[in-house]
Amino acid sequence: MKKILTFVTLAALAAAAQAQTVTSPDGQVKLDFTLTPSGQPQYEMSYKGKEVIKPSRLGFELMKGKALKDGFKVSGIDTLTFDETWTPVWGEENAIRNHYKEMRVNLEQPETGRKMSIAFRLFNDGMGFRYEFPMQKKLAHFTISDELTEFAVPGNPTAYWIPGDWDTQEYDYTKSRLSEIPSLMDEAYTHHNKWQSFAGPRTIQTALQLKSDDGLYVNLHEAALINYPCMHLDLVGDTAFVLKANLAADPAGMKANMQAPCTTPWRTVIVSDDARDILASRITYNLNDPCKIEDTSWIKPCKYVGVWWEMITGKSKWSYTNDLPDTHIDKVDWTKVKPHGRHGATTANTKRYIDFAAEHGFDAVLVEGWNIGWEDWSNRFKDEVFDFVTPYPDFDLPYLRDYAKSKGVKLIMHHETSSSVRNYERRLDQAYQFMKDNGYDAVKSGYVGNIIPRGNNHFSQWLVNHYQYCVEKAADYKIMVNAHEAVRPTGIARTWPNLIANESARGTEYQAFGGSKPSHCTILPFTRQIGGPMDYTPGIFENDVEKINPKKKSWVNSTIPQQLSLYLTMYSPLQMAADFPEHYAKYMDAFQFIKDVAVDWDKSWYLEAEPMEYVTVARKAKGEDRWFVGSTNGYDPRTSEVKLSFLPKGKYKATIYRDGENAHYKTNPHDYVIETRTVTPSTKLKIKTAAGGGYAISIVPIQ
Ligand code: NOJ
Ligand code: CA
């Protein structure tokens, strides 16, 4: 580990109006900070001499008192160079370099005597900046009513976006010019959730991927979202394209309650003229604090199956009964409750999944619908509906616990909170203790529906704090968390690596809710995954949902090789094989890839990438001489051309799982070919990928 720290403080700057400049270590990324004549802070940014962000303002409106937006003077500048290499607990590589130059501009507002600093960190692949409020008498507790941060982008770039929504991120992406966003908003907003909340006619979400006409890829997101609301972006201005921070509000319409000393999350701008660099960037993790968990030996990447897809497709149900309880959840006599006969999480069905997991080498089985509450989960007693510790009468937890253990398989706990957040917090210690007592070390949690107490949004400061509280408390219990519907990740897994994954985007479940675009998984790596791994739950081999449930017409828009490719391109230390054992039984040759693929990596090489078109990545399994390549293709068929020069010298056997000649995500998703060939580091592969297709390769040395 190498660390170089240098501090320079320039006190009492004479020429405050003059630009203060900092560059990335390689000099390619440049940031200028200025105060306008009215003392308003602003910044601009360039990459290889090209404008990335035009002069853009910074600051805040406050609920009370003078805004923190103008009347500032620069009281000093601190600079620093930092270089370290850290070891993630799990990840796409086993070492991450964190190399940046920092400039902290210390501001004072003479009229109020208040102080605020803005820290800029310049990396070779972009930058992050945040606001810092030092301890001070004149600004101790304060409420932010609006963050004024802007990103003014040159031209009218192509944007890959989902509509703003303070409650859900589960949208399909639209590709358009920034200027077209308002007119496409209605269509983009089409969504089935009753609990969506439209954030504005010109509001979009981060991570936002942009591409300029001269080929610059610019990615806007945030890092270290702690004790602050999540940021969306408002498109302001009609001709100049200015994206302004839009923070999820609390029930009173306020944004953030602050207590100095404190900081905001980092606002990040990743930039390159090569799309692959956006995927390889580690700015988001680097802007988070180092790991706060001392002993991380219990945090383990994992491949799992589960009693899940059958409820998503409607083949079976989470609930045990159709009858609504006539009393409080804690008082129901479950022996008297009439079952409807379609419950998924029965002892026998769970045992079937445990056997399947054991036979095929999976680490764990997720079981949803094991616990009481589902019959009423969005209804009358919602604020009390789940207790997280009482199994339904047909789920023999002690038996299954012991059976799973005897088979060397872990059970994954499920806590659907139905967004009744206070109920969950009240019961959390008991719920985590129950897990420990029964040998569970990972939980999938969920926040479906409007947040209770009502009026709160999924991505407001209070909820951001709730998700964080659960992750930190879980760490105390040595529990790994995979939170669905929680706020999108912002690299916090560096600090809390027990946050093993999130959903926080449109997952595979939507393939059963009407389908997602065949290009969906070629944009998620550029957007949702900038902040951390997604529990996308791939591996669906039966495309026709109607065959499973005649009442549900939906189609999984993907070929089988594309499903296989997702284990590489949709990076996560937690990967599910989401389909039914009986569907895998029909395609055991293709299923072999899911059995073989690793979930933790020494190194990754992004070989090809273009947002919403294709992503190809090669990865080396952690501590093993096994390599895997995945290529996910979007709508247009293409030929992927990759060199295997990432392999060390030697001869290898490559098993290629690719689309057949007539493959197509809609008309022919099962047309796949499996072939083996001998390869070396000088091998160049040319592989055709179909519409909604892809390929996957596993590579092992020939002894
Ligand atoms: C939504 C989650 O994304 C899904 O995976 C889960 O099965 C349901 N909620 C029920 O908790
Ligand atoms: Ca979901």
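Quick caveat, the model's predicted, so the values are computed rather than measured.

Draft legend 1. Structural context of the overall build of the protein chain. Scanning the protein chain for helices and strands turns up 13 helices and 37 strands. Its C-alpha radius of gyration of 25 Å places the protein chain within 12% of the 27 Å reference for a compact globule of 703 residues. With the C-alpha coordinates of the protein chain rotated into their principal frame, the extents come out at 75 × 65 × 50 Å. Here the protein chain displays about 25300 Å² of accessible surface, and carbon together with sulfur accounts for 49% of that area. Charge-centre separation for the protein chain: the mean point of 82 positive side chains lies 2 Å from the mean point of 86 negative side chains.

Draft legend 2. Here's a closer look at the nonpolar core. Counting 210 residues, the largest nonpolar core has Phe120, Phe133, Leu243 and Tyr432 as its most contacted members. In this view, Phe120 contacts Leu31, Phe33, Tyr43, Leu58, Lys101, Glu102, Met103, Val105, Met127, Gly128 and Phe129; residues no more than four positions away in its chain are not counted. The next biggest cluster of nonpolar side chains, apart from the first, holds 18 residues, and it includes Ala618, Trp627, Tyr652 and Ile697.

Draft legend 3. Fine view of helix H5 (residues 347-360). Compared with an ideal rise of 1.5 Å per residue, which puts 14 residues at 20 Å, H5 spans 20 Å between its outermost C-alpha atoms and is within 8% of the ideal. With its phi angle positive at about 80°, Gly361 sits one or two positions after the end of H5.

Draft legend 4. The sheet that holds strand E26 (residues 442-446), seen in detail. Spatial strand order, E28-E27-E26-E25-E24-E23-E29: seven strands in an open sheet with parallel pairing. The two strands at the open ends of the sheet, each matched to only one other strand, are strand E28 (499-502) and strand E29 (574-576). Strand-to-strand, the axes of this sheet are offset by a mean angle of 25°, without reference to chain direction. Sheet analysis places strand E25 (residues 410-416) next to E26, joined by four bridges and oriented parallel. Counterpart to Met413 in the pairing with E26 is Val443. Relative to the sheet, H5 contacts strand E23 (302-307), strand E24 (364-367) and E25, its axis offset from that of E23 by approximately 150°.

Draft legend 5. Broad picture of the environment of Asn322. Looking at the secondary structure, you find Asn322 in the loop between helix H4 (309-312) and H5. Look at Asn322 and you get partly exposed, because its relative accessible area is 49%. In sequence terms Asn322 and Arg506 are 184 residues apart; their C-alpha atoms lie 28 Å from each other. Among all residues touching Asn322, those that are not within four sequence positions of it are Lys317, Lys338 and His340. Of note is the side chain of Asn322, whose polar atom sits 3.2 Å from the side chain of Lys317.

Draft legend 6. Representation of the packing of helix H7 (residues 421-437) against helix H8 (residues 461-476). Contact geometry for H7 and H8: axes closest at 11 Å, N-to-C directions at 5°. The angle between H7 and H8 places the two elements in the roughly parallel class. Facing H7, whose interface residues are Val421, Arg422, Tyr424, Glu425, Leu428, Asp429 and Tyr432, H8 presents Trp462, Leu463, His466, Tyr469, Cys470, Lys473 and Ala474. For the contact of H7 with H8, the per-class residue count stands at nine nonpolar, one polar and four charged.

Draft legend 7. Focus on the environment of His221. By secondary structure assignment, the location of His221 is in strand E17 (residues 217-223). Using a relative accessible area of 1% as the deciding quantity, one classes His221 as buried. Residues His221 and His232 lie 11 residues apart in sequence; the distance between their C-alpha atoms is 8.9 Å. Here the side chain of His221 touches Thr206 through a polar contact of 2.8 Å, side chain to side chain.

Draft legend 8. Focus on the coordination of the calcium ion (ligand 2). Those donors, Glu170 (OE), Glu485 (OE), Glu503 (OE), Glu503 (OE) and Glu509 (OE), are the protein atoms that reach the calcium ion (ligand 2), and they lie 2.3 to 2.6 Å from it. Seen from the calcium ion (ligand 2), its six donor atoms lie at angles of 52 to 163°, and the figure they make is irregular.

Draft legend 9. Inspection of the site of ligand 1 at higher detail. In the vicinity of ligand 1, 13 residues are found, and the nearest of them are Glu368, Glu416, Lys444, His484 and Glu485. Within the contact set of ligand 1, an oxygen atom lies 2.5 Å away from a side-chain nitrogen or oxygen of Glu368. Between an oxygen atom of ligand 1 and a side-chain N or O atom of Lys444, the distance comes to 2.6 Å. Alone, ligand 1 offers 300 Å² of accessible surface; in the complex the protein occludes 96% of this. Split into classes, the residues belonging to the shell around ligand 1 amount to five nonpolar, two polar and six charged.

Draft legend 10. Spatial organisation of the pattern of salt bridges. As enumerated under the stated definition, the model contains 44 salt bridges in all. Ionic pairing is found between Glu92 and Arg282, a salt bridge with its closest N-O pair at 3.1 Å. One end of the pair, Glu92, is in the loop between strand E7 (73-86) and strand E8 (96-109); the other, Arg282, is in the loop between helix H2 (275-280) and helix H3 (283-286), with 190 residues separating them in the sequence. The burial state of Glu92 is the same as that of Arg282; both residues are buried. Residue Arg619 pairs with Glu92 through a salt bridge whose shortest N-O separation is 2.7 Å. With a gap of 527 residues between them, Arg619 in strand E31 (residues 614-621) and Glu92 in the loop between E7 and E8 connect regions that are remote in the sequence.

Draft legend 11. Molecular detail of the pairing of strand E19 (residues 241-247). By the criterion of burial, E19 is predominantly enclosed, with seven of the seven residues buried. Inspection of the sheet shows strand E18 (residues 231-236) paired to E19 by six bridges, in the antiparallel sense. Bridging from a neighbouring strand, Leu235 pairs with Leu243 of E19. With antiparallel pairing between neighbouring strands as the criterion, E18 and E19 make up a hairpin whose turn holds four residues, including Gly237 at a positive phi of roughly 80°.

Draft legend 12. Examining the side chain of Thr689 more closely. When you line up the elements, Thr689 lands in strand E36 (residues 684-689). There is a polar contact of 3.3 Å between the side chain of Thr689 and the side chain of Asn633.

Draft legend 13. Structural view of the packing of aromatic side chains. Considering all chains together, one arrives at 43 aromatic pairs under this definition. Taken together, a centroid distance of 6.2 Å and an interplanar angle of 50° make the contact between Trp370 and Phe395 tilted. You can see Trp370 sitting in the loop between E24 and helix H6 (397-406) and its partner Phe395 sitting in the loop between E24 and H6, a full 25 residues away along the chain. This pair shows no difference in class: Trp370 is buried, exactly as Phe395 is. One aromatic cluster in this structure is built from Phe33, Tyr43, Phe60, Phe120, Phe129, Tyr131, Phe133, Phe142 and Phe151. Note that Lys303 overlies the ring of Phe362, its terminal NZ or CZ placed 5.9 Å from the centroid. Looking at Lys315, its charged tip hangs above the ring of Phe580, at a distance of 4.9 Å from the centre.

Draft legend 14. Geometry of the side chain of Arg494. With respect to the helices, strands and loops of the structure, Arg494 is situated in the loop between strand E27 (480-483) and E28. Relative accessible area serves as the criterion here: at 6%, Arg494 is assigned to the buried category. Separated by 3.0 Å, the side chains of Arg494 and Glu84 make a polar contact. Once residues within four sequence positions are removed from consideration, Arg494 is found in contact with Glu84, Trp86, Asn98, Tyr285, Asn286, Asn288, Asp289, Pro290 and Cys291.

Draft legend 15. Representation of the sheet that holds strand E35 (residues 672-679). As summarised here, the arrangement of the six strands in space is E30-E31-E32-E37-E34-E35, forming an open sheet in which the pairing is antiparallel. If you trace the sheet from one side to the other, it starts and ends with strand E30 (601-610) and E35, each paired once. Along the sheet, successive strands turn relative to each other by an average axial angle of 15°, direction set aside. Packed on one face of the sheet, helix H11 (residues 560-569) meets E30, E31, strand E32 (627-633), strand E34 (652-659), E35 and strand E37 (694-701) and runs near 120° to E32. Docked against the sheet, helix H13 (residues 588-596) engages E32, E34, E35 and E37, running at close to 120° with respect to E34.

Calculation notes
- Per chain, residues are indexed from 1 in the order of the written sequence.
- Throughout, the order in which chains and ligands are written sets their labels, letters from A for the former and numbers from 1 for the latter.
- Side-chain atom pairs in this predicted model are given and counted only at pLDDT of 80 or more, local residue features only at pLDDT of at least 70, and totals for whole chains, interfaces and linings cover all residues.
- Side-chain numbers here rest on the full set of heavy atoms in the structure, without hydrogens or water.
- Helix and strand definitions here come from DSSP, where helices need a minimum of 4 consecutive H or I residues and strands a minimum of 2 consecutive E residues; each element is numbered from the N-terminal end.
- This radius of gyration counts C-alpha atoms alone. The globule rule is 2.2 Å times how many residues there are, raised to the power 0.38.
- To be clear on the numbers: accessible area is Shrake-Rupley with a 1.4 Å probe, and residue cover counts the displayed protein chains and nothing else.
- Residues scored as positive are Lys and Arg, those scored as negative are Asp and Glu, and His as well as the terminal groups of each chain are ignored.
- Just so you know, the charge point we use is NZ for Lys, CZ for Arg, CG for Asp and CD for Glu.
- Among the buried residues, those of types Ala, Val, Leu, Ile, Met, Phe, Trp, Tyr and Cys that are joined through side-chain atoms within 4.5 Å form a nonpolar core.
- Type-normalised accessible area, obtained with a 1.4 Å probe on protein chains alone, sets the label of each residue: buried when under 20%, exposed when over 50%, and partly exposed for intermediate values.
- Residue contacts are counted whenever heavy atoms from the two residues lie within 4.5 Å of one another.
- How far a helix is expected to stretch is found by multiplying one less than its residue total by 1.5 Å.
- Being paired, for any two strands, means DSSP has found at least two bridges between them.
- Convention adopted: a line fitted to C-alpha atoms gives each axis, helices being fitted over their contacting stretch, and angles between N-to-C directions are expressed from 0 to 180 degrees.
- Here a polar contact is taken to be a pair of N or O atoms separated by no more than 3.5 Å, where protein atoms must pair a possible hydrogen donor with a possible acceptor and residues adjacent in sequence count only if both atoms sit in side chains.
- By the definition adopted for this analysis, an angle is roughly parallel if under 35 degrees, roughly antiparallel if over 145, roughly perpendicular if from 65 to 115, and oblique otherwise.
- We call Asp, Glu, Lys and Arg charged. Ala, Val, Leu, Ile, Met, Phe, Trp, Tyr, Cys and Pro are nonpolar, and the rest, Gly among them, are polar.
- Distances decide who is a donor: an N, O or S atom must be within 2.8 Å of the metal, or within 3.2 Å for Na, K and Ca. Water is not included, so sites may look incomplete.
- For four-coordinate sites, all angles between 85 and 135 degrees define a tetrahedron; for four- and six-coordinate sites, opposite donors beyond 155 degrees with the remaining angles between 65 and 115 define square planar and octahedral shapes respectively, and all other cases count as irregular.
- The near set for a molecule or strand comprises every residue that places at least one heavy atom within 4 Å of it.
- Salt bridges are defined by distance alone: a side-chain nitrogen of Lys or Arg within 4 Å of a carboxyl oxygen of Asp or Glu.
- Centre distance within 6.5 Å is the pairing criterion for rings of Phe, Tyr and Trp, where only the six-membered ring of Trp is used; planes under 30 degrees apart are then read as stacked, over 60 as edge-to-face, and the remainder as tilted.
- Charge-over-ring placement is defined geometrically: NZ (Lys) or CZ (Arg) within 6 Å of the ring centre, and within 35 degrees of the ring normal.

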